[in-house]
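Descriptive analysis of the structure
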Amino acid sequence: MGFFAVAGLILFFMQSAIGAWFYFCFPKIGWKLPILLLPLCTGLFLNFALSYTRTHYGTWESILYFLAYTLAGLIFIFFFLVVSFAFLQGILALAHVPSRKFMVWLSMGVLVLTAALSVYGGLKNPKIKHLDIAIPQAPDMKIAVISDAHLGIGVSLRRFQKALDLIASQKPDAVLVLGDLFEYGPHREKYAQALARLQTKYGTFGVLGNHEYYTGLEKSLEFYRQANIYPLRNEIRMLPNGVQLIGVNDIATSRLLPQQLHMLLENTHPQRPRILLSHQPLYTDIAARHEIPLMLSGHTHKGQIFPFQFFVKLKYPYVYGWYDLSAKSKIYVTSGMFYWGMPLRFFSSSEIPLIHLKAND
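Below you will find a few notes about this structure.

Rules of the game
- Residues numbered from 1 in each chain as written.
- Predicted model: local features only at pLDDT ≥ 70, side-chain atom pairs only at ≥ 80, totals over all residues.
- Heavy atoms only, no water.
- Pairing = 2+ DSSP bridges.
- Helix = DSSP H or I, 4+ residues; strand = E, 2+ residues; numbered from the N terminus.
- Axes fitted to C-alpha atoms, helices over the stretch in contact; angles between N-to-C directions.
- Contact = heavy atoms within 4.5 Å.
- Parallel < 35°, antiparallel > 145°, perpendicular 65-115°, else oblique.
- Left-handed = near helix turned anticlockwise from the far one by under 90°.

**What to know about the sheet that holds strand S11 (residues 329-333)**
- What the six strands build is an open sheet, ordered S6-S7-S8-S9-S11-S10; its pairing is mixed. One side of each edge strand has no neighbouring strand; the edge strands of this open sheet are strand S6 (235-238) and strand S10 (321-326). Pairwise comparison of adjacent strand axes, ignoring direction, gives a mean angle of 20° for this sheet.
- When strand S7 (residues 244-247) meets strand S8 (residues 274-277), the two strands line up parallel, connected through four bridges. Residue pairing for S8: Leu 245 is matched across the bridge by Ile 275.
- Against the sheet, helix H9 (residues 258-266) contacts S6, S7 and S8, and its axis sits at roughly 165° relative to S7.

What follows is the structure, encoded as C-alpha cells:
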C-alpha cells in the first residue's frame, strides 16, 4: 500500500473520531454525516490532491496543495484535541458534573482558535535568531544558517527571496545549509539562482538532509551546484580564517556508521575552532567525545505542529535550541526556515539562526 493510501486511511479514522465529537456536541446532525460521509469524501480528496500535486505544478495545483495539506494538518491537530475533550468529558460525567453545554462551547472555541493560530504560524515569515557562542581561538564571525526550507510547490520563490534578503541584510561572513533544501515543484533553477546570488565573504557550505536522498541524490547535488553551495560530504573544509567546517551526509539515510564519524573527527585540528554540520541531531555523544565546540542540526522542525513535539522527543533527545553535550561541546538544533508538507506551525515558529562566533574572553 502506498504512502498516500496509508496516510489517507489514518486521516479517515482521525476524522471519524473528530466527527464523533461533533455528533456529541450537535446530535441533531446525526452520526452518518460527520462520522462516515465527510471522512470518506475528505479521504478521497486528500488521496487525490496529495499525490496529484507531486507531479503537476501551476497556480491551481498550488492552491490545491495548500488546501489539502492544511486540511490534513488540522485533522491531525484536531484529533488529539477532541480525544482530550472526550477524556475530560468522561471524567466530568463520572463525577456527575453537568458539563455538556460547557464542553461544546469550550471545544469549539479551542478548535477555531487552534486552526487560526496554526495557519498564522505557517504564514509567518522566519525571523533572524541571534545566537552568541564563544569558541577558543575563534575569529569574530557571523554565520547564517538555512535548514529545512523544503522549497518548491509548498514555499513560493517570492517568499524564499524575502528570507534571503533578510539574511543579506545581516551581512553574514558565511552561510551554512543543513539540508532538506528543495522538495519538488516548478522553478527549481530559479530557487537555486536566488541562493547563488547571496554573496558572503567565505561562501555557502552545506550538508545533505534525508529529503535530498528521497527526491534523488544526483538531482539534489545538481541543485547544490546551481545554488553555489559547496557540499560537505563526510569531509572537512578549512576556511581562510581558520574555522574548520566538518560536514556529514544525513546520518540515518546514508547509514553513516559511528566509526566513520570517529575517523573524520580524528582528522580535525582540536586547537582550531571546529563546527560540525549534521542534518539530524544524532551521534552527539561522538561529537562530545571529540570535544567539538559547536554542532549544528535541524530536521526536527521543533515538532512543527502540536502535539508532534512529543513524538519527535521519543527519537531525538535534542529537539530544539541549545544543549550542552559536555563541558566543551554544545549543539544547537534549529526549528527550520519554513515547514514540511503542512503549511502550519503550532507551538513552533520558523527561524533563521545567525551565529555570532567569537573567541573566549
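We are not done yet, so read on.
**Thoughts on the packing of helix H3 (residues 59-94) against helix H4 (residues 100-123)**
- Viewed as axis vectors pointing N to C, H3 and H4 meet at an angle of 155°, and their least axial separation amounts to 10 Å. Accordingly, the angle class assigned to the pair H3 and H4 is roughly antiparallel. Like other packed secondary-structure pairs, H3 and H4 cross with a definite hand, here right-handed. Contacts between H3 and H4 involve Thr 70, Leu 74, Ile 77, Phe 78, Leu 81, Phe 85, Leu 88, Gln 89 and Leu 92 from the first element and Arg 100, Met 103, Ser 107, Val 110, Leu 111, Thr 114, Ala 115, Ser 118 and Val 119 from the second.

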